[in-house]
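Structure assessment
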Amino acid sequence: MQHIIGNISILWAAPILNVGLLLDGLMIGAIFALAAYGLALVWGVMNVKNLAQGDFIMMGGYVAWYLDQSGLHPLWGVPIAFLLLWGVGWVLYKAIVRKVITRDLFTSLLATFGIAIVIQQGLNLAFGPNTQSAQANLPSWSLAGGLITVTGTRLFGLVLAVLLSAAVVLFMKNTRMGQAIRATAQDPRAARVLGINTERVYTFTFCLNAAICGAAGALVAMVWNIQPFMGTTYSIRLFVIVTAAGFGNLPAVIAAGFGMGVFEQFGGFVFGAEFQQAIIVLLLLAVLTVRQIQQLSLRQALQ
Amino acid sequence: MFSPAGYAAAIAALMLSFAPSVASAETCDDLVLGAALSATGIYAANGTNTKNGYEFAANKINKAGGVHVGGKCYHFRIKYYDDESTPARAAQLVERLIDQDGVKFILGPYSSPLTKAILPVTEKYQTPVVQTEAASRSLFSQGYKYEFGIIATSEKYLTPVIDMAAERAKQAGKDPSALKVAMIYQDDPFSLDVRQGVVDTMKKHNMKAIIDDRMPKDLNDLTAFLTKVKALHADVLLVSGHEKGAATAARQMGELKVEVPVVGLTHCESAKIAKDFPKSAEGVICPTQWAETMKTSDPMFGSAADYNKEIKAAYPEYNVVPYQTAEASAGVYLWKDAFERAQSLDKEKVRDALSKTDLQTFYGPIKFAADGSNPSKEMLLRQIQDGKYIVVWPRDAAARELVFPRDAHY
Amino acid sequence: MKRNPHSMALAGLLVAGIAAPLLLPDYSNELALLWLMILFALTWDILGGQMGYNSLGNIFFFGVGMYISAIVQIGLFYDVGMYTSGARTTHITFTTFQYFSGLGLGLLAAGLGSALIAVAVGWALFGLRGPYFAIGTLGLAIAAAELVASWEWVGAASGISMPVFPGYPEAQKLFFYALLFAVSFALLLFLTWLYSTRFGLALNAIRDDEEKAEAMGLHTRRIKRTALVLAAFFLGIAGAIFGNMIGFIEPRDIAFPTTTFNIYMVLMVLLGGKGTLWGPVIGATVFHIIKEATWTYFLGWQYVTLGLLIVIIVVYFQQGIVGWILEKYPNWFAAKPVPDERDPYAKAAMQLAARPEGSP
């Protein structure tokens with residue numbers, strides 16, 4: 001308890017630290033927002049709650065790391081991971097996800113969890129359990145007498161995340177496939193009647209989500225770090241974001257993503273880094289409880 | 001075409017080429033020791049250093065004739081599994097070694113948390129274990145009868161740093177209790193025991209810790225802590241997080257340009273901070289179980305300096321030999337001594353022989369108390385001066401004086 | 001007792017359970033684990049198979065029981081904070097009496113404590129349905145792992161070394177086998193009885209259509225809470241036994257292993273057949289054999305194999321072994337006893353149960 005009070009008083013005594021935490025939070029939050037958007041997409045269109053989302057991100061991260069180890073600049077990891085994970089998503093969809101969409105919701109959840117475990121253990125076998133990161137070697141700037149460091153990598157991550165999100169949103173608005181996706185999300189039967197090939201839409205959506213996760217993962221490897229078993233934490237983070245914001249509400253998802261990033265930075269500083277995972281999961285439970293109460297007032301249950 | 005004689009000659013030549021070389025003429029049976037070690041995960045660096053120590057000692061002992069029990073000779077063969085730096089897995093693997101692989105004698109894993117996990121297993125199967133890499137005092141007060149730990153316990157690691165800082169403060173005419181101590185520890189029995197030792201010493205000088213944090217699980221990011229250290233202008237900085245924590249601390253101290261007059265880190269050598277982070281490593285004080293300047297020796301390995309030379313020849317990547325390697329070798333030597341005193345391969349007899357050990361080694365004296373610890377073993381402190389590890393404490397073993405305050409040229 | 005295949009199977013299992021460790025002493029550990037798996041499957045099935053609440057966090061109660069028992073076993077004789085400290089210098093010994101009395105009280109406390117906490121958990125989480133319930137329970141299990149891992153009083157991430165069993169290895173193995181066998185078999189007998197009562201039908205009614213069940217007068221909240229409390233009680237005791245058997249407990253991999261035991265529960269039931277009494281038992285046995293085989297021969301690849309198994313079972317084995325048998329040979333298993341026609345609750349539940357699965 002004491003050290004929590006101590007940490008809060010440090011923030012009070014040196015207000016510039018708050019700015020540092022805020023900046024870091026926003027930069028990381030942008031990546032969260034990007035991945036959360038992918039989760040919301042799959043959730044809204046196919047009603048699949050993808051528990052392997054975080055592990056897709058880790059796979060993307062290892063692509064960037066591997067490139068870094070092989071001498072290529074990890075920034076190439078972003079487009080390469082995007083494409084590779086698109087392929088992975090395609091395979092997973094055709095082999096597994098397609099078969100469980102029509103079953104009950106728990107089955108699809110369990111199936112994605114199974115995929116998550118296979119990916120985690122596979123990454124562990126392939127790359128070992130050490131935490132890794134990819135060095136982008138961009139300059140950093142020290143502000144306020146060394147109390148704030150703005151790393152070029154994080155800034156770059158922010159810019160890329162924003163650009164990618166914007167690209168996806170524009171795609172959704174202005175292309176036929178984007179419109180088809182939105183139509184299918186609204187009402188799959190009607191969409192089919194109107195001639196939309198929902199199977200193709202589902203495939204495309206799942207692949208797009210995987211690809212987005214891949215790109216986000218490449219950024220994570222540069223901005224933060226990756227480890228085969230970190231995927232679960234990311235999955236939970238993203239669930240918190242999408243549950244809190246509601247999966248249909250895009251601006252809310254993005255705002256919640258940023259909020260999550262900032263919350264984690266402050267939480268980690270005040271409570272201590274060892275509580276990071278606990279904070280995220282507790283947030284999940286809090287969000288679920290709040291939602292439950294909201295639904296109860298409408299005399300419904302959270303399905 | 002080939003003649004029958006030619007064929008015979010060819011076959012004979014082929015067979016001769018497969019015959020064992022003359023050098024290893026003696027055929028000794030295998031004496032298997034089992035070890036779950038960290039080849040991957042947060043303890044991988046020291047897991048490897050430990051394995052190198054085990055292998056070096058086993059090879060040397062085998063070449064010198066092996067272990068002689070009951071008129072027969074035996075060669076050590078060590079069976080390894082990778083515990084991935086996870087306590088639960090280490091326990092499973094040791095159980096596998098004993099239950100499935102039939103191993104009767106265990107060498108400990110690296111680190112206190114993993115050793116803590118395997119001890120209930122060895123105790124359950126009444127299998128003696130020599131652990132050379134775990135220092136937490138809690139491992140010796142559980143009532144285990146089959147555990148023998150040779151290294152100095154963890155409360156001795158960073159306490160001298162506090163004493164030295166207090167002394168310097170008094171010399172400068174300042175009150176030691178006004179010193180601002182910032183510390184961060186890994187959440188494991190070793191580091192928390194180190195912390196307890198520090199806390200007890202600080203109480204003696206009436207010092208208070210301005211920061212007393214725990215590291216995140218993967219020991220990967222200390223920026224929040226170091227930012228606080230800078231903001232509060234700490235006088236003493238202590239970090240204990242095994243080699244991963246030390247590497248992260250050294251790296252990020254350089255990134256954030258942390259300037260603190262006294263810095264104490266555990267596991268500097270195995271984290272290779274002098275080599276990888278020369279600027280931040282300058283002036284850092286590092287506790288060590290063993291140094292090549294120690295005046296200890298034994299008939300198998302010679303003096304500490306002899307061991308140092310030979311191990312560097314076997315493993316040229318070692319600039320500074322990590323003490324984890326030295327203590328691992330001492331552990332295998334202890335097994336040889338125990339087997340030869342017991343003159344038996346029976347678990348109980350060997351266990352009893354271990355408990356009566358009174359052995360001088362290149363690593364130091366080994367004589368076990370009733371709880372399995374080795375109380376006569378002491379720690380040394382070294383400071384990194386101009387990229388080299390110089391013993392600065394205890395006074396009678398010190399090569400040079402402490403450089404105070406630390407002057408890192410970032 | 002009626003002489004039907006069901007009772008004969010129970011008797012057979014009892015005999016096998018008693019004889020097994022004597023006939024195959026080298027496999028005591030694996031056999032003990034088998035009983036643990038059976039208990040995991042049966043307790044998961046109460047909520048998932050019979051009641052329709054698919055939990056991904058049952059391991060929470062397992063771990064809670066484990067820690068409660070440890071605290072009691074140690075706390076009766078020593079200060080827990082001192083015992084778990086890395087800097088402990090006080091020598092610890094447990095006399096034989098202390099060990100067994102502590103263990104007995106610990107097991108009791110574990111079961112009751114878990115059950116009590118289940119009331120609170122149920123209150124918090126039963127407003128969630130379907131996937132949200134699954135995610136919520138998973139979150140609970142992970143949160144417990146992380147919070148306990150930061151709680152220094154119980155040793156945080158370094159865990160707790162349990163009191164040492166006073167006896168030879170052979171005696172220890174037999175002792176813990178007997179405990180696990182006893183608690184699992186007791187659970188099996190208990191559930192055999194429970195599923196033949198009104199309560200069993202009520203559980204199924206909730207699974208089939210909760211709103212309608214509530215509308216027809218069933219106290220769904222009370223029933224759900226009771227089901228969770230029952231599962232928690234048995235899981236808590238099992239956790240306490242397991243912790244003592246292993247000798248060392250820690251939060252992430254032993255007490256709250258969210259990606260191993262926690263998921264095995266679900267798989268075993270799916271494999272064997274959800275919502276049946278023998279499905280979980282059969283599923284647990286088959287699964288355990290497969291798992292032990294891969295551990296022996298594929299060390300290193302075992303977790304990947306198990307992950308693949310999840311996917312295969314979920315995608316291709318939806319109805320499970322017993323489900324498949326029931327379809328092909330409906331007369332093999334004696335039907336559940338028919339409840340009293342005059343009992344309005346039972347009648348309502350029967351009507352609901354008669355509706356086809358999955359219809360709105």
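Predicted, not measured: the structure shown is a model, and the values here were computed from it.

Parameters at a glance
- Residues numbered from 1 in each chain as written.
- Chains lettered and ligands numbered in written order.
- Predicted model: local features only at pLDDT ≥ 70, side-chain atom pairs only at ≥ 80, totals over all residues.
- Heavy atoms only, no water.
- Helix = DSSP H or I, 4+ residues; strand = E, 2+ residues; numbered from the N terminus.
- Rg over C-alpha atoms; globule rule 2.2 N^0.38 Å.
- Buried < 20%, exposed > 50% of the residue type's maximum accessible area, 1.4 Å probe, protein only.
- Contact = heavy atoms within 4.5 Å.
- Areas by Shrake-Rupley, 256 points an atom, 1.4 Å probe, with all protein chains shown as cover.
- Lys, Arg positive; Asp, Glu negative; His and termini not counted.
- Charge placed at Lys NZ, Arg CZ, Asp CG, Glu CD.
- Buried area = accessible area lost by both parts, 1.4 Å probe.
- Salt bridge = Lys/Arg side-chain N within 4 Å of Asp/Glu carboxyl O.
- Polar contact = N/O pair within 3.5 Å; in protein donor to acceptor, adjacent residues only side chain to side chain.
- Pairing = 2+ DSSP bridges.
- Axes fitted to C-alpha atoms, helices over the stretch in contact; angles between N-to-C directions.
- Parallel < 35°, antiparallel > 145°, perpendicular 65-115°, else oblique.
- Left-handed = near helix turned anticlockwise from the far one by under 90°.
- Nonpolar A, V, L, I, M, F, W, Y, C, P; charged D, E, K, R; others polar.
- Phe/Tyr/Trp six-rings, centres within 6.5 Å; stacked < 30°, edge-to-face > 60°.
- Lys NZ or Arg CZ within 6 Å of the ring centre and 35° of its normal.
- Disulfide = S-S within 2.5 Å.
- Right-handed = clockwise from strand over helix to strand, strands pointing away.
- Expected span 1.5 Å × (residues − 1).

**Digging into the overall build of chain C**
- When you go through chain C residue by residue, the secondary structure sums to 16 helices and two strands.
- The C-alpha radius of gyration of chain C comes to 21 Å, within 12% of the 21 Å expected for a compact globule of 360 residues.
- Buried residues in chain C amount to 58% of all 360 residues.
- Taking the contacts inside chain C whose residues are at least 6 apart along the sequence as the reference set, 80% of them involve residues at least 24 apart.
- Accessible surface, chain C: about 14,600 Å² in total, of which carbon and sulfur atoms supply 68%.
- Computed over 20 positive and 20 negative side-chain charges, the inter-centroid distance for chain C is 9 Å.

**Focus on the overall build of chain A**
- Within chain A one finds 12 helices and two strands.
- In chain A, the order of α-helices and β-strands from amino to carboxyl end is α-α-α-α-α-β-β-α-α-α-α-α-α-α.
- Over its C-alpha atoms chain A spans a radius of gyration of 20 Å, differing by no more than 12% from the 19 Å that the globule rule assigns to 303 residues.
- For chain A, the C-alpha atoms occupy an extent of roughly 65 × 55 × 40 Å along the three principal directions.

**Here we look at the interface of chain C and chain A**
- Contact with chain C, which involves 39 residues of that partner, is made by 41 residues of chain A.
- When chain C packs against chain A, the two sides together hide about 3,500 Å² of surface, and 79% of this comes from carbon and sulfur.
- When the buried area of chain C at its contact with chain A is split by residue, C:Pro131, C:Tyr132 and C:Ile135 rank highest and sum to 19% of it.
- Joining chain C to chain A, the criterion identifies zero salt bridges.

**Some thoughts on the side chain of B:Ser136**
- When you line up the elements, B:Ser136 lands in the loop between strand S5 (129–131) and strand S6 (147–149).
- Its relative accessible area of 0% is what places B:Ser136 among the buried residues.
- A distance of 3.5 Å separates a polar side-chain atom of B:Ser136 from the backbone oxygen of B:Pro189.
- A polar atom in the side chain of B:Ser136 sits 2.9 Å from the backbone oxygen of C:Gly86.

**What to know about the environment of A:Pro129**
- Tracing the chain through its elements places A:Pro129 in the loop between helix H5 (105–127) and strand S1 (140–143).
- With 128 residues separating them along the chain, A:Pro129 and A:Gly257 place their C-alpha atoms 28 Å apart.

**Concerning the sheet that holds strand S2 (residues 67–69) of chain B**
All names here are of chain B.
- Strand order in the open sheet made by the six strands is S2-S3-S1-S4-S5-S6, with mixed pairing throughout. Pairing within the sheet leaves two strands with one partner each, and these edge strands are S2 and S6.
- Pairing of strand S1 (residues 29–37) with strand S3 (residues 72–82) involves nine bridges; the strand directions are parallel. Residue pairing for S3: Gly-34 is matched across the bridge by Lys-79.
- Of the strands in this sheet, S1, S2, S3, strand S4 (106–107) and S5 are in contact with helix H13 (residues 323–342), which crosses S2 at around 20 degrees.

**Some words on the packing of helix H2 (residues 16–46) of chain A against helix H11 (residues 250–271) of chain A**
All names here are of chain A.
- The N-to-C vectors of H2 and H11 enclose an angle of 140 degrees; their axes lie 6 Å apart at closest approach. With respect to H11, the axis of H2 lies oblique. In this structure, H2 meets H11 at a crossing whose hand is right-handed.
- Each residue belonging to the contact of H2 with H11 can be placed in one class, and the counts come to 19 nonpolar, six polar and two charged.

**Let's talk about unusual backbone geometry**
All names here are of chain B.
- Following Trp-393, the chain continues into Pro-394 via a peptide bond in cis, with omega recorded as 5 degrees.
- Inspection of the secondary structure assignment puts Pro-394 in the segment after strand S17 (388–393).
- Looking along the chain, the bond that leaves Phe-404 and enters Pro-405 is cis, with omega of -5 degrees.
- Of note, Pro-405 is situated in the segment after S17.
- A positive phi angle is found at Lys-257, which is not glycine, with a value near 55 degrees.
- Here Lys-257 lies in the loop between helix H8 (242–256) and strand S10 (262–265).
- For Lys-257, a relative accessible area of 49% corresponds to the partly exposed category.

**Describing the packing of aromatic side chains**
- Enumeration over the complete set of coordinates arrives at 61 aromatic pairs over all chains.
- With centroids separated by 6.0 Å and ring planes inclined at 35 degrees, the aromatic side chains of C:Phe190 and C:Phe234 adopt a geometry described as tilted. Here the residue C:Phe190 occupies a position in helix H7 (residues 169–194), and C:Phe234 occupies one in helix H10 (residues 220–246), the gap between them amounting to 44 residues.
- For C:Phe234, a relative accessible area of 9% puts it in the buried group.
- Here B:Lys228 stacks its cationic end above the ring of A:Phe269, 5.2 Å away from the centre of that ring.
- Over the aromatic face of B:Tyr363 sits the side chain of B:Lys377, whose NZ or CZ is 4.7 Å from the ring centroid.

**Looking at the state of the cysteines**
Residue and element names in this part refer to chain B.
- Counted according to the given criterion, the structure contains two disulfides over all chains.
- Residue pairing for Cys-28: its cysteine sulfur links by disulfide to Cys-73, the two sulfurs lying 1.8 Å apart. Taking the sign of the torsion about the S-S bond as the criterion, the disulfide between Cys-28 and Cys-73, at about -100 degrees, is left-handed. One end of the pair, Cys-28, is in the loop between helix H1 (4–18) and S1; the other, Cys-73, is in strand S3, with 45 residues separating them in the sequence. Here the two residues Cys-28 and Cys-73 agree in accessibility, since each one is buried.
- Linked covalently through their sulfurs, Cys-268 and Cys-286 form a disulfide whose S-S length is 2.0 Å. Here the S-S torsion is close to -100 degrees, and the disulfide linking Cys-268 with Cys-286 is therefore left-handed. Residue Cys-268 is located in helix H9 (residues 268–271), and its partner Cys-286 is located in strand S11 (residues 285–288); the two are separated by 18 residues in the primary sequence.
- Accessibility expressed as a relative area gives 0% for Cys-268, which makes it buried.

**A short note on the packing of helix H10 (residues 231–245) of chain A against H11(A)**
Residue and element names in this part refer to chain A.
- Running from N to C, H10 and H11 point in directions that differ by 130 degrees, and their axes come no closer than 9 Å. Viewed along their axes, H10 and H11 adopt a mutual orientation that is oblique. In this structure, H10 meets H11 at a crossing whose hand is right-handed. Residue-level inspection shows Arg-237, Val-240, Ile-241 and Ala-245 of H10 in contact with H11, the latter providing Ala-252, Val-253, Ala-256, Gly-257, Met-260 and Glu-264.
- Each residue belonging to the contact of H10 with H11 can be placed in one class, and the counts come to seven nonpolar, one polar and two charged.

**Let's talk about the pattern of salt bridges**
- Under the defined criterion, the tally for this structure stands at 33 salt bridges over all chains.
- Between C:Arg207 and C:Asp208 there is a salt bridge, and its shortest N-O distance comes to 3.3 Å.
- Its relative accessible area of 22% is what places C:Asp208 among the partly exposed residues.
- Of the charged contacts, one joins C:Asp209 and C:Lys212 as a salt bridge, the two residues approaching to 3.5 Å between their closest N and O atoms.
- Beyond isolated ion pairs, a larger network of salt bridges with shared partners links B:Glu167, B:Arg168, B:Arg395 and B:Glu401.

**A word on the pairing of strand S7 (residues 180–185) of chain B**
Residues and elements named next belong to chain B.
- Burial within S7 is extensive, with five of its six residues counted as buried.
- Bridge count for S7 against strand S8 (residues 208–214) is six bridges, and the pairing is parallel. Note that in S8 the partner of Ile-184 across the bridge is Asp-213.
- Since S7 and S8 lie parallel, the crossover through helix H6 (residues 189–205) that links them has a hand, and here it is right-handed.
- The sheet contact formed by S7 and strand S9 (residues 236–240) spans five bridges and is parallel. Within S9, the residue paired with Met-183 across the bridge is Leu-238.

**Here we look at helix H12 (residues 261–272) of chain C**
Residues and elements named next belong to chain C.
- Helix length check: H12, at 12 residues, gives a terminal C-alpha distance of 16 Å against a target of 16 Å (1.5 Å per residue), a fit within 8%.
- Counting buried residues in H12 gives 12 out of 12 residues, a clear majority hidden from the surface.
- Here H12 has its buried residues at Phe-261, Asn-262, Ile-263, Tyr-264, Met-265, Val-266, Leu-267, Met-268, Val-269, Leu-270, Leu-271 and Gly-272.
- Looking one or two residues past H12, Gly-273 carries a phi angle of roughly 130 degrees, positive in sign.

**Quick look at the interface of chain A and chain B**
- Each partner contributes to the interface: chain A provides 17 residues, whereas chain B provides 19 residues.
- Interface of chain A and chain B: buried area, both sides summed, is about 1,500 Å²; carbon and sulfur atoms make up 56% of it.
- Per-residue buried area on chain A facing chain B is highest for A:Ile10, A:Pro129 and A:Glu274; these three make up 27% of the total on that side.
- Counting the contacts that link chain A with chain B gives zero salt bridges.
- Inspection of the region where chain A meets chain B yields two residue pairs in polar contact (both at pLDDT 80 or more).
- The element best represented in the side of chain A that touches chain B is helix H1 (residues 2–13) of chain A, accounting for three residues.
- Of the residues belonging to the side of chain A that touches chain B, the class tally is seven nonpolar, nine polar and one charged.

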